[in-house]
Structures are given as C-alpha cells and as structure tokens.
Protein chains: 2
Amino acid sequence: MMDLFEAIARRYSYRGPFTAAPVPREDLRRIVEAGIRAPSAKNEQTTSFVIVDDPGTLARVAAMLDRPVCDTARAVIACVIDPRPVLPGISFAVEDCAAAVENMLLAVTALGYATVWLDGVLRRDQIAERIGRLLGVPEERTVRVLLPLGVPVEPGRQREKLPLAHRAWLNRYGSES
Amino acid sequence: MMDLFEAIARRYSYRGPFTAAPVPREDLRRIVEAGIRAPSAKNEQTTSFVIVDDPGTLARVAAMLDRPVCDTARAVIACVIDPRPVLPGISFAVEDCAAAVENMLLAVTALGYATVWLDGVLRRDQIAERIGRLLGVPEERTVRVLLPLGVPVEPGRQREKLPLAHRAWLNRYGSES
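Thresholds, definitions, all that
- Residues numbered from 1 in each chain as written.
- Chains lettered and ligands numbered in written order.
- Predicted model: local features only at pLDDT ≥ 70, side-chain atom pairs only at ≥ 80, totals over all residues.
- Heavy atoms only, no water.
- Buried < 20%, exposed > 50% of the residue type's maximum accessible area, 1.4 Å probe, protein only.
- Helix = DSSP H or I, 4+ residues; strand = E, 2+ residues; numbered from the N terminus.
- Pairing = 2+ DSSP bridges.
- Expected span 1.5 Å × (residues − 1).
- Contact = heavy atoms within 4.5 Å.
- Buried area = accessible area lost by both parts, 1.4 Å probe.
- Salt bridge = Lys/Arg side-chain N within 4 Å of Asp/Glu carboxyl O.
- Polar contact = N/O pair within 3.5 Å; in protein donor to acceptor, adjacent residues only side chain to side chain.
- Axes fitted to C-alpha atoms, helices over the stretch in contact; angles between N-to-C directions.
- 1 Å grid on protein atoms, 1.4 Å probe; cavity = no way out; pocket = protein on both sides within 12 Å on 5 of 7 lines; lining within 4 Å.
- Points joined across faces, edges and corners; volume = space filled by probe spheres on them.
- Nonpolar A, V, L, I, M, F, W, Y, C, P; charged D, E, K, R; others polar.

Q: Before we move on, could you go through the pairing of strand E4 (residues 142-150) of chain B and cite the residues and values that matter?
A: Looking along a regular strand, one sees side chains alternate from face to face of the sheet. Residue and element names in this part refer to chain B. With respect to burial, E4 is a largely interior element, eight of its nine residues being buried. The pairing of strand E2 (residues 75-81) with E4 spans seven bridges and is classified as antiparallel. Each bridged residue has a counterpart across the sheet, and for Cys79 the counterpart in E4 is Val145.

Q: I'd like to hear about helix H5 (residues 93-110) of chain A, residue by residue, with values.
A: Each α-helix winds once per 3.6 residues, and so residues spaced three or four apart point in a common direction. Residue and element names in this part refer to chain A. Over its 18 residues, H5 runs 26 Å from end to end, which matches the ideal 26 Å to within 8%, given 1.5 Å per residue. Of all 18 residues making up H5, 17 are buried, and the element is well covered by its neighbours. Looking one or two residues past H5, Gly112 carries a phi angle of roughly 90°, positive in sign.

Q: An account of the interface of chain A and chain B is needed here, citing residue identities and associated values.
A: Contacts between chain A and chain B engage 71 residues on the former and 71 residues on the latter. Each partner contributes to the roughly 6400 Å² buried at the junction of chain A and chain B, and carbon and sulfur atoms together form 58% of this total. Where chain A touches chain B, the interface holds four salt bridges. Among the ionic pairs, Glu95(B) bridges to Arg123(A), the shortest N-O distance being 3.6 Å. At the junction of chain A and chain B, the tally comes to 42 residue pairs in polar contact (both at pLDDT 80 or more). When residues of the side of chain A that touches chain B are traced back to their parent elements, those giving at least two are helix H1 (4-10), helix H2 (25-36), strand E1 (47-52), H5, helix H6 (127-134), helix H7 (164-167) and strand E5 (168-170) of chain A. By residue number, the principal contributor to the side of chain A that touches chain B is H5(A), which donates 10 residues. Relative to strand E5 (residues 168-170) of chain B, E1(A) is paired through three bridges, and the arrangement is parallel. Bridge pairing links Phe49(A) to Ala168(B) in E5(B).

Q: I'd love a proper account of the sheet that holds strand E3 (residues 114-115) of chain B, names of residues and values included.
A: Strand order across the open sheet formed by five strands is E5(A)-E1(B)-E2(B)-E4(B)-E3(B), with mixed pairing between neighbours. Each edge of the open sheet is held by one strand with a lone partner, namely E5 of chain A together with E3 of chain B. Two elements, E3(B) and E4(B), share two bridges in a ladder whose sense is antiparallel. Of the residues in E4(B), the one forming a bridge with Ala114(B) is Gly150(B). Those strands touched by helix H2 (residues 25-36) of chain B are E5 of chain A together with strand E1 (47-52), E2 and E4 of chain B, and its axis lies near 165° from that of E1(B).

Q: With reference to specific residues and values, describe the sheet that holds E1(A).
A: The strand order E3(A)-E4(A)-E2(A)-E1(A)-E5(B) describes an open sheet built from five strands, whose pairing is mixed. Each of the sheet's edge strands pairs with one partner strand only, and the pair in question is strand E3 (114-115) of chain A together with E5 of chain B.

Q: If you had to explain the layout of surface pockets to someone new, which residues and values would you point to?
A: Within this model, the largest pocket holds a volume of roughly 770 Å³. Taken together, 36 residues make up the lining of the largest pocket; nearest its centre are Ser13(A), Arg15(A), Val116(A), Trp117(A) and Ser40(B). Looking at which element gives the most residues to the lining of the largest pocket, the answer is H5(A), with three residues. Grouping the amino acids of the lining of the largest pocket by side-chain chemistry returns 15 nonpolar, nine polar and 12 charged. The space that makes up the second largest pocket amounts to roughly 590 Å³. Residues belonging to the lining of the second largest pocket are distributed by class as follows: 10 nonpolar, five polar and 11 charged.

Note that every value here comes from positions in space, so none of it alone points to a role or purpose.
Here it is, written out as structure tokens:
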C-alpha cells in the first residue's frame, strides 16, 4: 500500500545500477496492469507491452542501448504504440502511451523498484526498430518507450521542480497562483 | 489517503453534470501540484497550467465547447504545452503533458472529484487557440488539454479494458503473458 500522493512525490528517474534482486513476474504483471488501466482516446487502448525478463534478451537490449541502467536491469518493459488515427487524421498514440507509462512509473515506485523513462535514445541508430524486430513487434507498430527496472543499488529522489507559482496560475496565464 | 492502485483502478472519464459543490482552491492546487511532479524529458517541465474557477471565464470556455461536462464544471484546468525541441529536432511536449495529466486524473480521483481528458475537441474550429487567447497564453504555447472538474452527480466507473493477455506478453510480442 502506498498513498497516491506519496507515490507521486517519491517517483524519480533512476539511471544507476540495480541489485541482483529479481523482479517477480507477479510484480511485473501488476505494473503492466497499472499501465493497461490508463485512459486512451476513445478507449482504443493503442498501447501494448512486452515484458522482457529473459536474460539473453535483456543482454541483447542492453547491448543496443549502452546505458548503465540497462546493463543490470532485471526486467525491461517495452511499450509499443499503434499509430493509427482515432479521429480523422489524428492519432493519440503518444498521449495514450505516456499516460500508461506514468501509471507504470507510479506502480514501480509503490512496489519498491526504480526505473527511467527511455524514449529519445530509441530514436537514434534505428534502435526502436531493432528492438521491435528482436521482440517480434509487427511492422506497423513501434517500440516507443523502454522502462528498465529493478531494485536500485542507491535509491534516488525526484529532481527539483519549479514551484507551483512558476508553472500554474489562476484564471489567467502569468497571473498570481 | 487513497492507495495508488485503488486510484488507478477507480479513475474514469466523466462526461455528465457536476453538483453545485465547489472545488476549493486548496484542492485545485493539490491536483496541479501532482501534475507538476510528473516527469518531463530532461526535466524541462514544458507543461504549465491555468486553473480556471472564475464563473465568467468558465462560462466562456463552456460556450466554446458545447459539452454538458463543461456547462456545470466548477473548475477547468487548462494544460499548456511549450513545443520547443528538447533534443535536436525532437519535442517531448506531448508526452510531458500527458504524464502530468495522468497524475492529475489520479489526484482528482483520490480527492473525490471527477473529470475527463479533453483533447481532440480542442483541435476543431481553432478552439485551442481561442481558449489560449481568452486565458492570455503566449502565442508560442498551446492549450493542449482541458480538464473540467467537480463533484459528479452520478459517479461512474472505468470503462472495460482488454485483459492483460491481450495487451501484454512475456519476452516476445504475441506470445503467452
């Protein structure tokens, strides 16, 4: 049990090594279930997930990414988007996926693990496409986000955020909050 | 206090009328604070928020949208994105905003209110631009999402989601979960 607001306050991006403690599949499914429950435009549920915990596959993913956080990840959740339009000419696949990811980040936090939202790094050197092929993702779908996870060696904390008064205002942009 | 997983399970999209019960500014700030704590690419915090609770401004927003849920909303949170690139040629403003919205949806749920993520409707008839002008949003930023909120007259429930086995797989897309 973790209070929602506590999970939101404690969530942070972890880029360090993980301990050898495994992430049981029960926990992985619980995290992905949290992602599944996120809203999606017209409830089209355009995001799907590949839970990677096979050591050989994890090693191949890590080799493509060359990031310390991937080298010791005990599992990786690959978030796959379906970019077809849901309204005429408009896809909401990126929003749908991001909402699912945020739910999963909070679930990871509440269960005592750590992770980081990897996205931009997948756009280089066709890494997204290569991971998609490795995981058998159909060509019309794209691996958009990876979440490498495990028990952090040295837990961290959320990066500083601008105070409310710098990002939110009452009734008019830039007014007093 | 609401457990994270309970908030995730209870969150739903509400499109009906709201009661006359106000949403205190303390709660509105708490909801937006949850949005502020969402991650953003490189911690650039590209999402900002206008909390609308002035009855005149609410009425003008409602008139543009012509949606029952807006007609009786006691407050509307306008989520404003800054689309500048954070990596060369790549903006993460849509993802950043969606993560903030998801945190706010969960906070709304935990505090006993209801809301709906309005996005596509803002793309018609330049509604996003018109609301931006109404709220004094700078031209280089865009109102991307509106969250009309209040106490629901008839609370609803989350729409059915496909089961885990249809959206998630172990180690290979389409395999057994």
